[in-house]
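# Notes for the structure review
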Amino acid sequence: MLIKAQDKKRIILTILLVGMICIMMVVLTAFAAQIRHENNELETKNEALQGEVDTLSVKIKSANSIDHIEKVATKKLGMVHPSEDECVNLSDKDKPKKNFAAVIRKEAYN
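As the structure is a prediction and not an experimental result, all values here were calculated from the model.

Each helix and strand counted, the protein chain has 3 helices and 0 strands in total. Along the protein chain, helices (α) and strands (β) appear in the sequence α-α-α when read from the amino end. Summarising its shape, the C-alpha atoms of the protein chain cover approximately 120 × 30 × 20 Å along the three principal directions. Residues classed as buried in the protein chain amount to 2% of the 110 residues present. Summing over all exposed atoms, the protein chain offers an accessible surface of approximately 10500 Å²; the carbon and sulfur share of this is 64%. A distance of 11 Å separates the average location of the 17 positive side-chain charges in the protein chain from that of its 15 negative side-chain charges.

A separate point is the confidence of the model for the protein chain. Of all residues in the protein chain, 90% attain a pLDDT of 70 or more, and the chain-wide mean is 87. Helix H1 (residues 5–63) holds the highest mean pLDDT among the elements of the protein chain, 95, whereas helix H3 (residues 100–108) holds the lowest, 74.

So, how was this worked out
- Residues numbered from 1 in each chain as written.
- Predicted model: local features only at pLDDT ≥ 70, side-chain atom pairs only at ≥ 80, totals over all residues.
- Heavy atoms only, no water.
- Helix = DSSP H or I, 4+ residues; strand = E, 2+ residues; numbered from the N terminus.
- Buried < 20%, exposed > 50% of the residue type's maximum accessible area, 1.4 Å probe, protein only.
- Areas by Shrake-Rupley, 256 points an atom, 1.4 Å probe, with all protein chains shown as cover.
- Lys, Arg positive; Asp, Glu negative; His and termini not counted.
- Charge placed at Lys NZ, Arg CZ, Asp CG, Glu CD.
- pLDDT = per-residue confidence, 0-100.

Now the structure itself:
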């Protein structure tokens, strides 16, 4: 049985087409693997950054606490709570009935 020239061309074109499709599949699979790898790296970096954000959030909350602020004010800056006679009132009308510093301290810790 003889194969005609036209049939040979069709067979060769079909083989070339199938080969090109296979090569394209390999290239696309490699490209998809590369993208997956990059995505995994970004997710790992994102998790590390989220951990840092969480740590910094905790540090901010602890630094903004009344206890921490008072500790820094008294120990590092040498500040003390004023006594009643150290408070200045603008007028008798503005004068609180109790020790104003004590009232503020009480409200801050409740």
